[in-house]
Amino acid sequence: MKKTKYPIKWEKNNFLIKIFCSIPNIATGILLKAGNAHFIIDPGDGILRDLNKELKTSDILDISDIFVTHGHHDHVGGVWSLLTYLRVMNKKTPLVIHYPKGCLEIVHIYNAFNKVYFNNISYKIHLREIDGNKTFSSKKVTIKPFPVIHKEFLSDQKSTRQVPALGYKFIFNNTKICYGGDTAYCDELANAARNADLAILEAGHDEDTPDEIHMTINEAKMIGESAKEYYLVHVPE
(Lines give C-alpha, C1' and ligand atoms only; values in the text may rest on other atoms or scores of the structure.)
Protein backbone atom coordinates (compact mmCIF):
# COMPACT_ATOMS: atom_id res chain seq x y z
CA MET A 1 0.00 0.00 0.00
CA LYS A 2 1.14 3.53 -0.79
CA LYS A 3 0.55 6.26 1.77
CA THR A 4 -2.19 8.64 0.68
CA LYS A 5 -0.72 12.07 0.02
CA TYR A 6 -2.18 14.11 -2.81
CA PRO A 7 -1.52 14.40 -5.60
CA ILE A 8 -0.82 10.71 -6.27
CA LYS A 9 1.00 9.86 -9.49
CA TRP A 10 1.67 6.38 -10.91
CA GLU A 11 3.06 5.43 -14.31
CA LYS A 12 3.99 2.26 -16.15
CA ASN A 13 4.38 1.41 -19.85
CA ASN A 14 3.35 4.91 -21.00
CA PHE A 15 0.15 4.56 -18.93
CA LEU A 16 -0.22 7.24 -16.27
CA ILE A 17 -2.78 8.09 -13.64
CA LYS A 18 -2.72 11.19 -11.45
CA ILE A 19 -5.17 11.56 -8.58
CA PHE A 20 -5.32 15.26 -7.76
CA CYS A 21 -7.47 14.59 -4.72
CA SER A 22 -10.11 12.22 -3.36
CA ILE A 23 -11.62 13.70 -0.21
CA PRO A 24 -15.04 12.47 0.99
CA ASN A 25 -17.84 15.03 0.60
CA ILE A 26 -15.40 17.58 -0.89
CA ALA A 27 -13.94 16.55 -4.24
CA THR A 28 -12.36 13.87 -6.39
CA GLY A 29 -10.43 14.49 -9.60
CA ILE A 30 -8.38 12.05 -11.66
CA LEU A 31 -6.39 12.33 -14.90
CA LEU A 32 -5.64 9.22 -16.95
CA LYS A 33 -3.09 9.36 -19.78
CA ALA A 34 -2.57 6.48 -22.21
CA GLY A 35 0.04 7.37 -24.79
CA ASN A 36 -1.26 10.62 -26.28
CA ALA A 37 -4.83 10.11 -25.05
CA HIS A 38 -6.25 12.07 -22.12
CA PHE A 39 -9.20 10.86 -20.03
CA ILE A 40 -10.82 12.35 -16.94
CA ILE A 41 -12.32 10.24 -14.16
CA ASP A 42 -14.80 11.67 -11.63
CA PRO A 43 -14.35 15.41 -12.30
CA GLY A 44 -15.20 16.89 -8.93
CA ASP A 45 -14.84 20.51 -7.86
CA GLY A 46 -11.40 21.93 -8.72
CA ILE A 47 -10.71 19.65 -11.69
CA LEU A 48 -10.33 22.57 -14.10
CA ARG A 49 -7.78 24.26 -11.86
CA ASP A 50 -5.82 21.04 -11.46
CA LEU A 51 -5.85 20.27 -15.19
CA ASN A 52 -4.57 23.74 -16.04
CA LYS A 53 -1.66 23.25 -13.65
CA GLU A 54 -0.89 19.82 -15.11
CA LEU A 55 -1.53 20.09 -18.86
CA LYS A 56 -1.10 22.45 -21.76
CA THR A 57 -4.29 24.01 -23.06
CA SER A 58 -4.02 21.93 -26.23
CA ASP A 59 -3.94 18.75 -24.14
CA ILE A 60 -7.02 19.78 -22.17
CA LEU A 61 -8.84 20.45 -25.43
CA ASP A 62 -7.78 16.99 -26.59
CA ILE A 63 -9.62 15.25 -23.72
CA SER A 64 -11.81 12.67 -25.41
CA ASP A 65 -13.59 10.85 -22.59
CA ILE A 66 -14.94 11.50 -19.11
CA PHE A 67 -15.72 8.50 -16.89
CA VAL A 68 -18.17 9.03 -14.04
CA THR A 69 -18.56 6.40 -11.33
CA HIS A 70 -21.67 7.96 -9.76
CA GLY A 71 -23.45 11.27 -9.44
CA HIS A 72 -22.56 12.53 -5.97
CA HIS A 73 -21.40 16.13 -5.85
CA ASP A 74 -17.84 15.31 -4.83
CA HIS A 75 -17.45 13.31 -8.06
CA VAL A 76 -19.26 15.49 -10.62
CA GLY A 77 -19.02 18.99 -9.13
CA GLY A 78 -16.55 20.13 -11.79
CA VAL A 79 -18.38 18.86 -14.87
CA TRP A 80 -20.11 22.16 -15.68
CA SER A 81 -16.95 24.27 -15.42
CA LEU A 82 -14.99 21.78 -17.54
CA LEU A 83 -17.64 21.70 -20.27
CA THR A 84 -17.81 25.50 -20.26
CA TYR A 85 -14.03 25.89 -20.42
CA LEU A 86 -13.86 23.55 -23.42
CA ARG A 87 -16.51 25.67 -25.12
CA VAL A 88 -14.78 28.98 -24.36
CA MET A 89 -11.45 27.59 -25.60
CA ASN A 90 -13.15 26.40 -28.80
CA LYS A 91 -12.68 22.65 -28.52
CA LYS A 92 -13.35 20.97 -31.87
CA THR A 93 -13.09 17.25 -31.17
CA PRO A 94 -15.96 15.22 -29.65
CA LEU A 95 -16.27 14.48 -25.94
CA VAL A 96 -17.85 11.29 -24.63
CA ILE A 97 -19.22 11.18 -21.08
CA HIS A 98 -19.58 7.64 -19.74
CA TYR A 99 -21.86 7.21 -16.74
CA PRO A 100 -23.96 4.53 -15.00
CA LYS A 101 -27.53 4.01 -16.10
CA GLY A 102 -29.83 6.04 -13.86
CA CYS A 103 -27.26 8.72 -13.00
CA LEU A 104 -29.63 11.67 -13.36
CA GLU A 105 -27.03 14.21 -12.26
CA ILE A 106 -25.07 13.81 -15.49
CA VAL A 107 -28.20 13.87 -17.64
CA HIS A 108 -29.43 17.10 -16.01
CA ILE A 109 -26.03 18.81 -16.23
CA TYR A 110 -25.87 17.93 -19.92
CA ASN A 111 -29.42 19.12 -20.60
CA ALA A 112 -28.87 22.39 -18.74
CA PHE A 113 -25.57 23.02 -20.56
CA ASN A 114 -27.25 22.46 -23.92
CA LYS A 115 -30.13 24.73 -22.95
CA VAL A 116 -27.87 27.59 -21.87
CA TYR A 117 -25.47 27.36 -24.82
CA PHE A 118 -27.87 26.11 -27.49
CA ASN A 119 -26.37 26.43 -31.01
CA ASN A 120 -23.21 27.93 -29.53
CA ILE A 121 -21.13 24.88 -28.59
CA SER A 122 -18.02 24.25 -30.67
CA TYR A 123 -17.79 20.51 -29.98
CA LYS A 124 -20.08 17.51 -29.86
CA ILE A 125 -20.93 15.94 -26.49
CA HIS A 126 -22.02 12.32 -26.52
CA LEU A 127 -23.60 10.74 -23.45
CA ARG A 128 -22.85 7.04 -23.12
CA GLU A 129 -25.05 5.40 -20.53
CA ILE A 130 -23.53 2.17 -19.21
CA ASP A 131 -25.95 -0.59 -18.35
CA GLY A 132 -24.13 -3.75 -17.33
CA ASN A 133 -20.50 -4.73 -17.66
CA LYS A 134 -19.90 -4.87 -21.40
CA THR A 135 -16.28 -4.18 -22.35
CA PHE A 136 -15.56 -1.36 -24.82
CA SER A 137 -12.56 0.66 -25.97
CA SER A 138 -11.48 4.22 -26.67
CA LYS A 139 -8.13 5.53 -27.95
CA LYS A 140 -6.58 2.03 -27.77
CA VAL A 141 -7.61 1.72 -24.11
CA THR A 142 -9.84 -1.18 -23.12
CA ILE A 143 -12.45 -0.28 -20.52
CA LYS A 144 -14.24 -2.84 -18.39
CA PRO A 145 -17.01 -1.30 -16.25
CA PHE A 146 -18.41 -3.24 -13.32
CA PRO A 147 -21.27 -2.57 -10.88
CA VAL A 148 -20.50 -1.70 -7.28
CA ILE A 149 -22.53 -1.26 -4.09
CA HIS A 150 -22.83 2.35 -2.98
CA LYS A 151 -25.84 3.49 -0.99
CA GLU A 152 -26.79 6.91 0.34
CA PHE A 153 -28.85 8.10 3.26
CA LEU A 154 -32.24 9.64 2.57
CA SER A 155 -33.40 12.83 4.25
CA ASP A 156 -34.45 10.99 7.40
CA GLN A 157 -30.77 10.00 7.84
CA LYS A 158 -31.88 6.43 8.58
CA SER A 159 -33.18 4.92 5.35
CA THR A 160 -30.81 4.25 2.46
CA ARG A 161 -31.06 3.62 -1.26
CA GLN A 162 -28.70 2.25 -3.87
CA VAL A 163 -26.97 4.87 -6.02
CA PRO A 164 -26.31 4.06 -9.69
CA ALA A 165 -22.59 3.34 -9.38
CA LEU A 166 -19.74 1.75 -11.31
CA GLY A 167 -16.08 0.96 -11.06
CA TYR A 168 -13.79 0.81 -14.09
CA LYS A 169 -10.84 -1.31 -15.13
CA PHE A 170 -8.60 0.34 -17.72
CA ILE A 171 -6.13 -1.70 -19.79
CA PHE A 172 -3.39 -0.22 -22.00
CA ASN A 173 -0.09 -1.72 -23.15
CA ASN A 174 -0.85 -4.86 -21.10
CA THR A 175 -1.07 -2.69 -17.99
CA LYS A 176 -4.20 -2.79 -15.84
CA ILE A 177 -5.52 -0.04 -13.58
CA CYS A 178 -8.60 -0.74 -11.46
CA TYR A 179 -10.58 2.15 -9.96
CA GLY A 180 -13.50 1.23 -7.75
CA GLY A 181 -15.04 4.65 -7.15
CA ASP A 182 -17.17 4.86 -4.01
CA THR A 183 -18.30 1.42 -2.95
CA ALA A 184 -18.88 -1.01 -0.15
CA TYR A 185 -17.06 -4.31 -0.29
CA CYS A 186 -18.35 -6.36 -3.23
CA ASP A 187 -17.21 -9.36 -5.23
CA GLU A 188 -17.24 -7.41 -8.50
CA LEU A 189 -14.59 -5.01 -7.18
CA ALA A 190 -12.54 -7.82 -5.64
CA ASN A 191 -12.50 -9.65 -8.98
CA ALA A 192 -11.58 -6.55 -10.97
CA ALA A 193 -8.72 -5.61 -8.65
CA ARG A 194 -7.17 -9.07 -8.54
CA ASN A 195 -3.78 -9.10 -10.34
CA ALA A 196 -4.21 -5.50 -11.53
CA ASP A 197 -0.98 -3.56 -11.85
CA LEU A 198 -2.61 -0.84 -9.77
CA ALA A 199 -5.81 -0.80 -7.72
CA ILE A 200 -7.25 2.47 -6.45
CA LEU A 201 -9.59 1.72 -3.59
CA GLU A 202 -11.74 3.90 -1.41
CA ALA A 203 -11.68 3.46 2.35
CA GLY A 204 -14.45 5.76 3.49
CA HIS A 205 -14.70 4.28 6.98
CA ASP A 206 -11.81 4.80 9.37
CA GLU A 207 -13.30 2.26 11.79
CA ASP A 208 -14.08 -1.38 11.22
CA THR A 209 -17.82 -0.88 10.77
CA PRO A 210 -18.86 -2.43 7.44
CA ASP A 211 -21.97 -1.10 5.75
CA GLU A 212 -23.25 -0.71 2.19
CA ILE A 213 -21.92 2.81 1.64
CA HIS A 214 -18.11 2.68 1.93
CA MET A 215 -15.37 0.18 2.67
CA THR A 216 -13.42 0.06 5.88
CA ILE A 217 -9.66 0.37 5.69
CA ASN A 218 -9.31 -3.33 6.45
CA GLU A 219 -11.72 -4.29 3.67
CA ALA A 220 -9.93 -2.06 1.18
CA LYS A 221 -6.53 -3.44 2.18
CA MET A 222 -7.76 -6.99 1.75
CA ILE A 223 -8.76 -6.25 -1.84
CA GLY A 224 -5.66 -4.15 -2.48
CA GLU A 225 -3.31 -6.93 -1.48
CA SER A 226 -4.59 -9.02 -4.40
CA ALA A 227 -3.23 -6.38 -6.81
CA LYS A 228 0.43 -5.74 -7.58
CA GLU A 229 0.21 -2.23 -6.10
CA TYR A 230 -2.59 -0.25 -4.55
CA TYR A 231 -3.54 3.08 -3.09
CA LEU A 232 -6.24 3.82 -0.53
CA VAL A 233 -8.17 7.00 -1.32
CA HIS A 234 -11.28 8.80 -0.11
CA VAL A 235 -10.07 8.20 3.45
CA PRO A 236 -11.70 10.63 5.93
CA GLU A 237 -9.26 13.31 7.07
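Fair warning: this is a prediction, and the values are worked out from it, not measured in the lab.

Caption draft 1: Structural view of the side chain of H38. Looking at the secondary structure, you find H38 in strand β4 (residues 37–41). Here N36 takes part through its backbone oxygen, which lies 3.2 Å from a polar atom of the side chain of H38. Every residue in contact with H38, bar those within four places of it in the chain, is listed here: L31, L32, K33, L55, D59, D62, I63, S64 and D65.

Caption draft 2: Region of interest: the environment of A34. In this fold, A34 is placed in strand β3 (residues 27–34). A residue is classified by how much of its surface remains accessible, and A34, at 5% relative accessible area, is buried. Apart from residues lying up to four places away in sequence, A34 is in contact with N14, F15, V141 and F172.

Caption draft 3: Examining the sheet that holds strand β8 (residues 136–138) more closely. With mixed pairing, six strands are arranged side by side in an open sheet as β8-β9-β12-β13-β14-β15. On the outer flanks of this sheet lie β8 and β15 (230–233), each paired with one strand and no other. This sheet shows a mean twist of 20° between the axes of neighbouring strands, independent of strand direction. Relative to strand β9 (residues 141–147), β8 runs antiparallel, the two sharing three bridges. Note that in β9 the partner of F136 across the bridge is I143. Each of β14 (198–202) and β15 touches helix α7 (residues 217–224); the most contacted strand, β15, lies at about 160° to it.

Definitions and limits used
Residues numbered from 1 in each chain as written. Predicted model: local features only at pLDDT ≥ 70, side-chain atom pairs only at ≥ 80, totals over all residues. Heavy atoms only, no water. Helix = DSSP H or I, 4+ residues; strand = E, 2+ residues; numbered from the N terminus. Polar contact = N/O pair within 3.5 Å; in protein donor to acceptor, adjacent residues only side chain to side chain. Contact = heavy atoms within 4.5 Å. Buried < 20%, exposed > 50% of the residue type's maximum accessible area, 1.4 Å probe, protein only. Pairing = 2+ DSSP bridges. Axes fitted to C-alpha atoms, helices over the stretch in contact; angles between N-to-C directions.

Read these as geometric descriptors, not functional statements.
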